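One letter stands for each residue in the lines below.
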Amino acid sequence: MVSSASSSPAGSAGPPGQLPVLDLAPVIPVVVLDDAADAVPLARALVAGGLPVIEVTLRTDAAPEAIRAIAEQVPEAVVGAGTVLTPEHADRAVAAGARFLVSPGWTDRLLEAMRGHGVPVLPGVSTASEVLALLERGVTEMKFFPAEASGGTGYLKSLASPLPAARFCPTGGIDEAKAARYLALPNVGCVGGTWMLPAEALAAKDWSRVQRLAEGAAGLRR
């Protein structure tokens with residue numbers, strides 16, 4: 001998280017005096033790394049392109065070391081862990097240096113474990129009932145996943161009036177063109193995506209291309 005002169009609003013994901021994750025950048029790159037050695041140059045390219053918030057998914061064995069490397073060597077980055085599925089995932093991610101936690105869904109056990117670490121959390125939702133359940137538990141910032149498959153911008157727009165306290169980071173099937181439409185919604189703080197991380201660029205370690213694509217994504221800020 002990034003320190004702020006003002007306190008976060010009640011029910012926000014972050015501790016007092018810090019900006020919520022949803023307010024730090026318009027796009028959160030969702031990173032899958034097979035080689036932890038790529039973590040630092042990739043993070044530096046994303047930060048240089050204007051995307052300092054980076055979600056490293058726990059889908060590979062390299063993820064914890066990648067998080068640790070970014071946390072230690074790229075201090076200007078706000079690195080978090082995604083695909084948090086168990087309390088043990090949360091424990092390992094925070095121990096490695098994750099500054100926020102993201103899950104594709106949630107249970108009470110998982111939510112309690114994630115929140116117990118004192119870092120911001122973005123539990124995943126795809127229905128109004130899930131949103132209501134999180135609001136009852138004092139959570140106002142959520143991941144909307146899988147965004148496109150769950151109704152996209154139309155669904156989120158329909159939630160804005162009856163559930164105005166909920167804010168979302170939609171992720172899943174979003175490209176640059178779709179991102180702009182999501183970011184125009186009043187209840188969307190940022191989006192998650194991978195379009196600035198094309199597989200061929202990562203394979204070639206073309207960090208300059210990643211930076212250029214990150215610059216385009218950063219320019220989507222309203």
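Given the structure is predicted, the values throughout are model-derived calculations rather than measurements.

**Focus on the packing of aromatic side chains**
So, step 1. Inspection of the entire model under this criterion finds 2 aromatic pairs.
So, step 2. Each ring, one from Phe144 and one from Tyr155, has its centre 5.9 Å from the other, and the planes form 0°; the classification is stacked. Linking Phe144 in strand β7 (residues 141–144) with Tyr155 in helix α6 (residues 152–160), this pair joins segments that are 11 residues apart in sequence.
So, step 3. For the ring pair Phe144 and Phe168, a centre distance of 6.3 Å and an interplane angle of 70° mean the geometry is edge-to-face. Pair noted here: Phe144 is in strand β7 and Phe168 is in strand β8 (residues 167–170), with a separation of 24 residues, a long-range link.

**A few points about the environment of Ala201**
So, step 1. Structurally, Ala201 is set in helix α8 (residues 199–203).
So, step 2. The contact partners of Ala201, leaving out residues within four places of it in the chain, are Asp206, Arg209 and Val210.

**So, the pattern of salt bridges**
So, step 1. As enumerated under the stated definition, the model contains 8 salt bridges in all.
So, step 2. For the salt bridge of Asp38 with Lys205, the shortest nitrogen-to-oxygen distance reads 2.6 Å. Note that Asp38 is positioned in the loop between β1 (27–31) and α1 (39–48) and Lys205 in the loop between α8 and α9 (207–218), a separation of 167 residues in sequence.
So, step 3. Judged by relative accessible area, Lys205 falls into the partly exposed class, the value being 42%.

**Structural notes on helix α4 (residues 108–115)**
Helical geometry note: an α-helix holds 3.6 residues per turn, so side chains three or four residues apart project in the same direction.
So, step 1. Residues of α4 that are buried include every one of Leu110, Leu111, Ala113 and Met114, and no others. End-on view of α4: buried residues confined to an arc of 165°, all on one side of the axis. Exposed and facing more than 90 degrees away from the buried side of α4 are Arg109 and Glu112.
So, step 2. Summarising the contacts, the buried residues of α4 are in contact with α3 (87–96), β4 (101–102), β5 (121–122) and α5 (128–136).

**A closer look at the side chain of Asn187**
So, step 1. For Asn187, the location among the structural elements is in the loop between α7 (176–183) and β9 (191–193).
So, step 2. The exposure class assigned to Asn187 is buried, which follows from its relative accessible area of 4%.
So, step 3. Ignoring anything within four residues of it in the chain, the contact list for Asn187 reads Leu156, Leu159, Ala160, Ala166, Arg167 and Phe168.

**Regarding α6**
So, step 1. Taken together, the buried positions of α6 are occupied by Gly152, Leu156, Leu159 and Ala160. Around the axis of α6, the buried residues are gathered within 110° of arc, so they sit on the same side.
So, step 2. As for α6, its buried residues are in contact with α5, β7, β8 and α7.

**Description of the nonpolar core**
Most often, soluble globular proteins keep nonpolar side chains buried together rather than apart.
So, step 1. Judged by nonpolar contacts, the single largest core of 66 residues is most densely connected at Leu42, Leu46, Leu101, Phe168, Val191, Trp195 and Val210.
So, step 2. Looking at this core element by element, the count peaks at 7 residues for α1.
So, step 3. Counting residues in each nonpolar core, the second largest holds 12 residues, with Leu24, Ala25, Leu122 and Cys190 among its members.

**Focus: unusual backbone geometry**
So, step 1. A cis amide bond links Phe145 with the next residue in sequence, Pro146, at an omega value of -10°.
So, step 2. Structurally, Pro146 can be placed in the loop between β7 and α6.
So, step 3. For Lys205, which is not glycine, the phi torsion reads 55° and is therefore positive.

**Section: the confidence of the model for the chain**
So, step 1. Considering every residue of the chain, the mean pLDDT works out to 92; 91% of them sit at 70 or more.
So, step 2. Low pLDDT, under 50, characterises residues 1–17; the stretch is placed with 43 contacts to residues that sit more than four places away or in other chains.

What counts, and at which threshold
- Residues numbered from 1 in each chain as written.
- Predicted model: local features only at pLDDT ≥ 70, side-chain atom pairs only at ≥ 80, totals over all residues.
- Heavy atoms only, no water.
- Phe/Tyr/Trp six-rings, centres within 6.5 Å; stacked < 30°, edge-to-face > 60°.
- Helix = DSSP H or I, 4+ residues; strand = E, 2+ residues; numbered from the N terminus.
- Contact = heavy atoms within 4.5 Å.
- Salt bridge = Lys/Arg side-chain N within 4 Å of Asp/Glu carboxyl O.
- Buried < 20%, exposed > 50% of the residue type's maximum accessible area, 1.4 Å probe, protein only.
- Arc of directions from axis to C-beta.
- Core = buried A, V, L, I, M, F, W, Y, C linked by side-chain atoms within 4.5 Å.
- pLDDT = per-residue confidence, 0-100.

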